[in-house]
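Below are the chains, spelled out letter by letter.
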Amino acid sequence: MDLKQTIRDFHDFPRPGILFRDITTILKDPAHFSSSIAQIEELLTGYDYDLVISPESRGFMFGAPVAARLGKGFVPARKKGKLPGEVLARTYFLEYGIDAIEIHKDAIKPGQKVVIVDDLLATGGTCKGICEIVEELGGRIMCIAFLIELGGLGGREILKGYDVKTVLKY
């Protein structure tokens, strides 16, 4: 199924100069949504891992179903201040600002193998922050899978050294 034809483009959102790739058109259609999950699962075929980690909020929409369907645990990476208890945090740059991501300190045990699943690879800052937290907790990153990759924003370069896979490239 060609998901690219389903995605809408919004120019100058959320700020002037940004081209926003809208995936809500995939999410609202059961066949397209199921296909997107299946295509991400295909990217992960052959990898041995224990956990799927995804950042909020759109990453949850893909990572949680992948984890459930493949019988893996799911770890949410949340925005600053959204998780109770002890967390590790990283600040990162977006294509249009600065943000922070947090993961519970007890979410990953040393030696656990993880994959990261997200909807979009742009600048790579969010995912790089997650990688740093996972590694500080002793986890091993086996693969990073994205539904969409926006070339030209440096995300793949930021994630150099990791096995990065994508379903769609722009």
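Structure's up top.
Residues numbered from 1 in each chain as written. Predicted model: local features only at pLDDT ≥ 70, side-chain atom pairs only at ≥ 80, totals over all residues. Heavy atoms only, no water.

Take the packing of helix 2 (residues 30–43) against helix 3 (residues 58–70) next. For the pair helix 2 and helix 3, interaxial distance at closest approach is 10 Å and the crossing angle is 70°. Our classification of the angle between helix 2 and helix 3 gives roughly perpendicular. Two packed elements cross with a definite hand, and for helix 2 against helix 3 that hand is right-handed. Contacts from Phe33, Ser34, Ser36, Ile37, Ala38, Ile40 and Glu41 of helix 2 reach helix 3 at Met61, Phe62, Pro65, Val66, Arg69 and Leu70. (Axes fitted to C-alpha atoms, helices over the stretch in contact; angles between N-to-C directions. Helix = DSSP H or I, 4+ residues; strand = E, 2+ residues; numbered from the N terminus. Parallel < 35°, antiparallel > 145°, perpendicular 65-115°, else oblique. Left-handed = near helix turned anticlockwise from the far one by under 90°. Contact = heavy atoms within 4.5 Å.)

A few words now on the environment of aspartate 22. Relative to the helices and strands, aspartate 22 is located in strand 2 (residues 19–22). Overall, aspartate 22 belongs to the buried group, its relative accessible area being 6%. Along the backbone, aspartate 22 and isoleucine 7 are 15 residues apart, and their C-alpha atoms lie at a distance of 5.6 Å. Discounting residues that sit within four places of it in the chain, aspartate 22 has contacts with Ile7, Arg8 and Phe10. A polar contact is formed between the side chain of aspartate 22 and the side chain of threonine 24, at a distance of 2.9 Å. (Buried < 20%, exposed > 50% of the residue type's maximum accessible area, 1.4 Å probe, protein only. Polar contact = N/O pair within 3.5 Å; in protein donor to acceptor, adjacent residues only side chain to side chain.)

Below, the discussion takes up the nonpolar core. Ranked by size, the top nonpolar core spans 25 residues in total, and within it Ile53, Ile103, Ile144 and Leu159 carry the most contacts. If you list the elements that add at least two residues to this core, you get strand 3 (51–55), strand 4 (73–79), strand 5 (87–94), strand 6 (97–104), strand 7 (113–121), helix 4 (125–136) and strand 8 (140–149). If one sorts the elements of this core by residue count, helix 4 sits on top with five residues. When neighbours within four sequence positions are excluded, leucine 159 is seen to be in contact with Leu121, Gly124, Cys127, Lys128, Cys131, Ile144, Phe146 and Val164. The next biggest cluster of nonpolar side chains, apart from the first, holds 23 residues, and it includes Ile23, Leu43, Val115 and Val117. (Core = buried A, V, L, I, M, F, W, Y, C linked by side-chain atoms within 4.5 Å.)

Attention now goes to the environment of isoleucine 101. One can find isoleucine 101 in strand 6. Isoleucine 101 sits 20 residues away from glycine 81 along the chain, and the two C-alpha atoms are 9.0 Å apart. In this structure, isoleucine 101 is in contact with Pro55, Ala77, Arg78, Lys79, Leu88, Ala89, Arg90, Tyr92, Thr126, Gly129, Ile130 and Ile133, ignoring residues within four places of it in sequence.

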